[in-house]
Amino acid sequence: GEEVAQTPKHLVRGEGQKAKLYCAPIKGHSYVFWYQQVLKNEFKFLISFQNENVFDETGMPKERFSAKCLPNSPCSLEIQATKLEDSAVYFCASSQGTSGVSSYNEQFFGPGTRLTVL
Amino acid sequence: GIQVEQSPPDLILQEGANSTLRCNFSDSVNNLQWFHQNPWGQLINLFYIPSGTKQNGRLSATTVATERYSLLYISSSQTTDSGVYFCAVKNQGGKLIFGQGTELSVKP
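Keep in mind that this is a model prediction, so the values were computed, not measured.

Caption draft 1: Broad picture of the overall build of chain B. Assigned secondary structure in chain B consists of zero helices and eleven strands. For chain B, the sequential pattern of α-helices and β-strands runs β-β-β-β-β-β-β-β-β-β-β. Whereas a compact globule of 108 residues would reach a radius of gyration of roughly 13 Å, chain B reaches 13 Å, a difference of no more than 12%. By principal-axis analysis of the C-alpha atoms, chain B measures approximately 40 × 25 × 20 Å. Of all 108 residues assigned to chain B, the portion counted as buried reaches 50%. In chain B, the share of contacts with a sequence separation of at least 24, taken over all contacts with a separation of at least 6, comes to 54%.

Caption draft 2: Focus on the pattern of salt bridges. Applying the stated rule across the entire model yields four salt bridges over all chains. Residues K18 of chain A and E78 of chain A are paired through a salt bridge, measuring 3.6 Å at the closest nitrogen-oxygen approach. You can see K18 of chain A sitting in the loop between strand 2 (10–13) and strand 3 (19–24) and its partner E78 of chain A sitting in strand 8 (residues 75–79), a full 60 residues away along the chain. Of the residues examined, E78 of chain A reaches a relative accessible area of 13% and is grouped as buried. Close ionic contact of D81 of chain B with R58 of chain B constitutes a salt bridge, the shortest N to O distance being 2.9 Å. Here D81 of chain B is found in the loop between strand 8 (69–74) and strand 9 (83–90), whereas its partner R58 of chain B is found in the loop between strand 6 (52–56) and strand 7 (59–64), with 23 residues between them in sequence. Residue D81 of chain B is classed as buried on the basis of its relative accessible area of 7%. Residues joined by salt bridges that share partners form a network here, namely K18, K20 and E78 of chain A.

Caption draft 3: Representation of the sheet that holds strand 3 of chain A. Residue and element names in this part refer to chain A. As summarised here, the arrangement of the four strands in space is 1-3-8-7, forming an open sheet in which the pairing is antiparallel. One side of each edge strand has no neighbouring strand; the edge strands of this open sheet are strand 1 (5–7) and strand 7 (65–68). Averaged over all pairs of adjacent strands, the angle between their axes in this sheet comes to 15°, without regard to strand direction. When strand 7 meets strand 8, the two strands line up antiparallel, connected through four bridges. What sits directly across from K68, in strand 8, is S76.

Caption draft 4: Representation of the packing of aromatic side chains in the model. Tallying each qualifying case throughout the model produces 13 aromatic pairs over all chains. Aromatic pair F43 of chain A and F86 of chain B: ring centres 5.0 Å apart, planes at 85°, arrangement edge-to-face. Of this pair, F43 of chain A sits in strand 5 (residues 42–50) while F86 of chain B sits in strand 9, placing the two residues on different chains. With respect to burial, F43 of chain A and F86 of chain B carry one shared label: buried. Consider the rings of F35 of chain B and F98 of chain B, whose centres lie 5.8 Å apart with planes at 25°: the pair is stacked. Separated by 63 residues along the polypeptide, F35 of chain B in strand 4 (residues 31–37) and F98 of chain B in strand 10 (residues 97–98) bring together distant segments of the chain. Taken as a pair, F35 of chain B and F98 of chain B share a single burial class, namely buried. Clustering of aromatic rings is evident, with ring pairs tying together F33, Y35, F43, F45, F91 and F109 of chain A together with F35, F86 and F98 of chain B. Across from the ring centre of Y69 of chain B, 4.2 Å away, lies the NZ or CZ of R22 of chain B, which sits over that ring.

Definitions and cut-offs
Residues numbered from 1 in each chain as written. Chains lettered and ligands numbered in written order. Predicted model: local features only at pLDDT ≥ 70, side-chain atom pairs only at ≥ 80, totals over all residues. Heavy atoms only, no water. Helix = DSSP H or I, 4+ residues; strand = E, 2+ residues; numbered from the N terminus. Rg over C-alpha atoms; globule rule 2.2 N^0.38 Å. Buried < 20%, exposed > 50% of the residue type's maximum accessible area, 1.4 Å probe, protein only. Contact = heavy atoms within 4.5 Å. Salt bridge = Lys/Arg side-chain N within 4 Å of Asp/Glu carboxyl O. Pairing = 2+ DSSP bridges. Axes fitted to C-alpha atoms, helices over the stretch in contact; angles between N-to-C directions. Phe/Tyr/Trp six-rings, centres within 6.5 Å; stacked < 30°, edge-to-face > 60°. Lys NZ or Arg CZ within 6 Å of the ring centre and 35° of its normal.

What follows is the structure, encoded as structure tokens:
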């Protein structure tokens, strides 16, 4: 598609439950990024993919977070055993490229999924 | 890692006024983007501007890469310009590093 799509828009989970978020990148974009916006103005990078391969996972809390991008399927971010501090808006972004100085590196963001953990 | 600082943190304007938002970064970058996060939370791409100057309607941006700063100019502000403006940079790898944002409120 022409825009990054994310589902669901809102997700409410009890502490300890699983949460799964989905992202469909812009058609033709090879790179997918996940960011977490906690509080109002703080963005944290989680993980990125080049097609179905993990590109950078330095931001992922390894214990409970996992992510995948499989061919012909939306990418997913899964949180096992959610905690209160996981409450945030999770944004997915995509780009055509990521190296050098090129407009191919411009990242476009989806509308986000607001996760509330009670 | 690279640090990104935005100023001012908050700004209140009367409709029709002009403003300049600043983004300083601590290392050389190969990607710099400005975003507007509207009151509904949507992140809207304003500019991809690792260097040089660009204009889009009432908005323009300038990045002086050698001096490690970027400026976003908003002219003749409108109430719909309200929201948070973020600067985000990338130097190596793919991830964007965001500043803390400038929260803009335009009063009618």
